[in-house]
Amino acid sequence: MGIDAGDAANLAPCTDHGRGCIVNYNDIFARAIDRLHEEGRYRVFIDILRNKGAFPNARCFAGHNGPKPITVWCSNDYLAMGQHPKVITAMEDALHDVGAGSGGTRNIGGNTHYHVDLEFELADLHGKEGALLFTSGYISNEATLGTLGKLLPNCIIYSDELNHASMIAGIRNSNCEKRVWRHNDLAHLEELLAADDPSAAKLIAFESVYSMDGDVAPIHAICDLAEKYNALTYCDEVHAVGMYGPRGGGITDRDEAASRVTIIEGTLGKAFGVMGGYIAADKNIIDVIRSYAPGFIFTTSLSPVLVAGVLASVRHLKSSSEERDAQQAAAAFLKQSFRDAGLPVMDSTTHIVPLMVGDPVRAKKISDILLAEYGVYVQPINFPTVPRGTERLRFTPGPSHTQDMMTELTQALSEIWERLALQKAA
Ligand SMILES: *Cc1c(COP(=O)(O)O)cnc(C)c1O
């Protein structure tokens, strides 16, 4: 991902073992960083603290005198569950009851009652026989896809071209043959499936909500193809769990498709507001991943404090749609506000509000002005997270962003768009 082999390849082959042939490590690293600066996509992490109970307000530590108040517009804690009183209390209680860490891997010392309860709760959320926790969504994708691909003989994996880096890493690890289908293009997917040996094992991997464009996969139609060609399905619901469906089970919950998808994968760090990842599937699959996946086996399990917080969050969002409804209302308001101002808001059908800029230098510039002059924090999104030439700003308004805040944000962006002579929508 985003690593150019160019520099290494340009080095002349070494013919003796004299000084001239000694690898200059520092120079190689410095040149790699220089390339990012030249392209304008060197990443700078903002230094902030959120104010508990007052999200989206935060403090920014940017080197001047004392922290400066800012508003956060790009958090993936979509529903502010990371600050919910039930979550905070559950974590405090767990900390005082059982202490800080889990004490080891799930196999040796790190299997707590909180883990058992949460896996039960997540299996129920998706109507599956079982669930398995990982230390992050990234690891759950990488470990599960990598292991499945190794266990299934001659497996072919069909991967949507916009799949997340963690799925790509898992597929690469599996050493399976990989076919990339054009984003959400069912005809292309079927063409690829039909061209392969009918007796080969097959797995179709995709996301439900694509988090950079904000569009949604046609899950039922993908499952129709999977049935026709006898393939398994793997759906990354990271940006949908907690957010969609009457109980927050994701798009598969909303569209009543969960029973048709073989494996549902989710994160506990975005809408659920804490940390961790998981898969939900039938018992055999859970047992096989639990037993064979190195990324599950050989790492200390999540702290019980985190797991207790997630449990409270999942349970709350199963019975409350208030946060989801408020979040959807905020996203709709912000999209309309951007559209009315002629700002190039992308065609998202979900809670994500992306503004197309199309250039990494300009995206960074807009983001810098927003922070310095307006106290608005929105991180520019650049390659390799999105393709080159589609750099953007990605807004994720939540239930606590008020209409006044959104109107002010729209005014700020309009001013900046004019100041930088950027194109407005027709
Ligand atoms: C963020 C993300 C992940 C990784 O989840 P983490 O819990 O943050 O590791 C996986 N898939 C997608 C689509 C994501 O956006």
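Here, the structure is the one placed above.
Note on numbering: residues in each chain are counted from 1, in written sequence order. The predicted origin of the model limits local features to residues at a pLDDT of at least 70 and limits the giving and counting of side-chain atom pairs to 80 or more, whereas totals for whole chains, interfaces and linings rest on all residues. Calculated side-chain values reflect all of the structure's heavy atoms, with hydrogen atoms and water omitted.

### Quick notes on the overall build of the protein chain
- Counting from the N terminus, the helices are DSSP H or I runs at least four residues long and the strands are E runs at least two residues long. If you tally the helices and strands in the protein chain, you get 15 helices and 14 strands.
- Here the globule rule is a power law, 2.2 Å times the number of residues to the power 0.38, and the radius of gyration is based on C-alpha atoms. In summary, the protein chain has a C-alpha radius of gyration of 23 Å against a globular reference of 22 Å for 426 residues, a match within 12%.
- Principal axes of the C-alpha set define a box for the protein chain whose edges measure 70 × 60 × 50 Å.
- When the accessible area of the protein chain is evaluated, it comes to approximately 19700 Å², of which 53% is carbon and sulfur surface.
- Treating the 38 positive side-chain charges of the protein chain as one cloud and the 52 negative ones as another, the clouds have centres 2 Å apart. Surface accessibility in these figures is a Shrake-Rupley result with a 1.4 Å probe; residues are shielded only by whichever protein chains are displayed. Here the positive residues are Lys and Arg and the negative ones are Asp and Glu; neither His nor the chain ends is included. Where a charge lies is defined by one atom per residue type, namely NZ (Lys), CZ (Arg), CG (Asp) and CD (Glu).

### So, empty space enclosed by the protein
- A pocket, in this scheme, is an open set of points on a 1 Å grid over the protein atoms alone with protein on both sides within 12 Å along at least 5 of 7 lines, while a cavity is a set where a 1.4 Å probe fits but cannot get out; residues line either one if an atom lies within 4 Å of a point. Grid points are joined across faces, edges and corners, and a volume is the space filled by probe spheres set on the points. For the coordinates displayed, the defined rule picks out two cavities of 30 Å³ or more.
- Counted as a void, the largest cavity has a volume near 70 Å³.
- Around the largest cavity sit Arg-106, His-115, Leu-133, Phe-134, Thr-135, Gly-295, Phe-296, Thr-299, Thr-300, Ser-301 and Leu-302, which together line it.
- Those elements that provide at least two residues to the lining of the largest cavity are strand 4 (130-134) and helix 11 (294-297).
- By the convention adopted, Pro, Cys, Tyr, Trp, Phe, Met, Ile, Leu, Val and Ala count as nonpolar, Lys, Arg, Asp and Glu as charged, and the other residues, Gly among them, as polar. Of the residues belonging to the lining of the largest cavity, the class tally is four nonpolar, six polar and one charged.
- The volume enclosed by the second largest cavity comes to roughly 30 Å³.
- Residue lining of the second largest cavity: Phe-55, Val-72, Trp-73, Cys-74, Ser-75, Asp-77, Tyr-78, Thr-396, Pro-397, Gly-398 and His-401, and that is the complete set.
- Considered class by class, the residues forming the lining of the second largest cavity number six nonpolar, four polar and one charged.

### Notes on the packing of aromatic side chains
- Pairs were defined over the aromatic rings of Phe, Tyr and Trp, the Trp ring being its six-membered one, requiring ring centres within 6.5 Å. Orientation was assigned from the angle between planes: stacked under 30 degrees, edge-to-face over 60, tilted for the rest. Within the structure shown, the criterion is met by two aromatic pairs.
- Each ring, one from Phe-134 and one from Phe-296, has its centre 5.7 Å from the other, and the planes form 75 degrees; the classification is edge-to-face. In this pair, Phe-134 is assigned in strand 4 and Phe-296 in helix 11, connecting sequence segments 162 residues apart. Neither residue differs from the other here; Phe-134 and Phe-296 are each classed as buried.
- Just above the ring of Phe-383 sits the side chain of Arg-388; from NZ or CZ to the centre is 3.9 Å. To sort residues, take the accessible area from a 1.4 Å probe on protein chains only and compare it with the maximum for the residue type: under 20% means buried, over 50% means exposed, and anything in between is partly exposed. Our definition puts a charge over a ring when NZ of Lys or CZ of Arg is within 6 Å of the ring centre and also within 35 degrees of the ring normal.

### Looking at the sheet that holds strand 13 (residues 380-381)
- One open sheet accounts for three strands, arranged 11-14-13; its pairing is antiparallel. Two strands lie at the open edges of the sheet, namely strand 11 (353-356) and strand 13, each paired on one side alone.
- Strand direction decides the pairing type here: strand 13 and strand 14 (residues 392-395), joined by two bridges, are antiparallel. Bridging across to strand 14, Ile-381 finds its partner in Arg-392. By the convention used here, strands pair only if DSSP detects at least 2 bridges between them.

### Here's the deal with the sheet that holds strand 2 (residues 57-60)
- Spatial strand order, 1-2-3-12: four strands in an open sheet with mixed pairing. Whereas interior strands pair on both sides, the edge strands pair on one side only; in this sheet they are strand 1 (48-50) and strand 12 (376-377).
- Bridge analysis of strand 2 against strand 3 (residues 68-72) gives four bridges, and the strand direction is antiparallel. Paired with Arg-59 across the two strands is Pro-69, which belongs to strand 3.

### Section: the nonpolar core
- Here, the term nonpolar core denotes a set of buried Ala, Val, Leu, Ile, Met, Phe, Trp, Tyr and Cys residues that are joined through side-chain atoms within 4.5 Å. Counting residues in hydrophobic clusters, the biggest one holds 56 residues, and the most contacted among them are Leu-118, Leu-122, Ile-204, Phe-206 and Ile-219.
- For this core, the leading source of residues is helix 12 (residues 304-319), giving seven residues.
- Note on contacts: a residue pair qualifies if any of its non-hydrogen atoms lie within 4.5 Å across the two residues. If sequence neighbours within four positions are ignored, Ile-204 has contacts with Tyr-158, Trp-181, Leu-189, Leu-193, Ile-222, Ala-226, Ala-231, Leu-232, Thr-233 and Tyr-234.
- One finds Phe-55, Cys-60, Val-345 and Ile-369 within the second-largest nonpolar core, a separate group that totals 33 residues.

### Some thoughts on the packing of helix 5 (residues 137-151) against helix 6 (residues 165-174)
- Lines fitted to C-alpha atoms define the axes here, with helix axes fitted over just the stretch in contact, and angles between the N-to-C directions of these axes take values from 0 to 180 degrees. In the contact formed by helix 5 and helix 6, the axes pass within 7 Å of each other and the chain directions differ by 25 degrees. As far as their axial angle goes, helix 6 and helix 5 are roughly parallel. Considering how the two elements wind past one another, helix 5 and helix 6 form a crossing that is right-handed. Facing helix 5, whose interface residues are Tyr-138, Asn-141, Glu-142, Leu-145, Gly-146, Gly-149 and Lys-150, helix 6 presents Ala-165, Ser-166, Met-167, Ala-169, Gly-170, Ile-171, Asn-173 and Ser-174.
- Of the residues that constitute the contact of helix 5 with helix 6, the class distribution is six nonpolar, seven polar and two charged. Working definition: roughly parallel below 35 degrees, roughly antiparallel above 145 degrees, roughly perpendicular at 65 to 115 degrees, and oblique for all remaining angles. Throughout, a crossing is termed right-handed when the near helix is turned clockwise from the far one, and left-handed when it is turned anticlockwise from it by less than a right angle.

### Side note on the site of the ligand
- A single heavy atom is enough: if one lies within 4 Å of a molecule or strand, its residue is considered near that molecule or strand. Inspection of the region around the ligand gives 13 residues, with Gly-137, Asp-236, His-239, Thr-267 and Lys-270 positioned closest.
- One of the backbone N or O atoms of Tyr-138 is found 2.8 Å from an oxygen atom in the ligand.
- Within the contact set of the ligand, an oxygen atom lies 2.9 Å away from a side-chain nitrogen or oxygen of Lys-270.
- In the complex, 84% of the free accessible area of the ligand, which totals 370 Å², lies under the protein chains.
- For the shell around the ligand, the element with the highest residue contribution is helix 5, accounting for three residues.
- Residues of the shell around the ligand, tallied by class, amount to two nonpolar, eight polar and three charged. In protein, a polar contact requires one atom able to donate a hydrogen and another able to accept it; more generally it is a pair of N or O atoms within 3.5 Å, and residues adjacent in sequence count only if both atoms are side-chain atoms.

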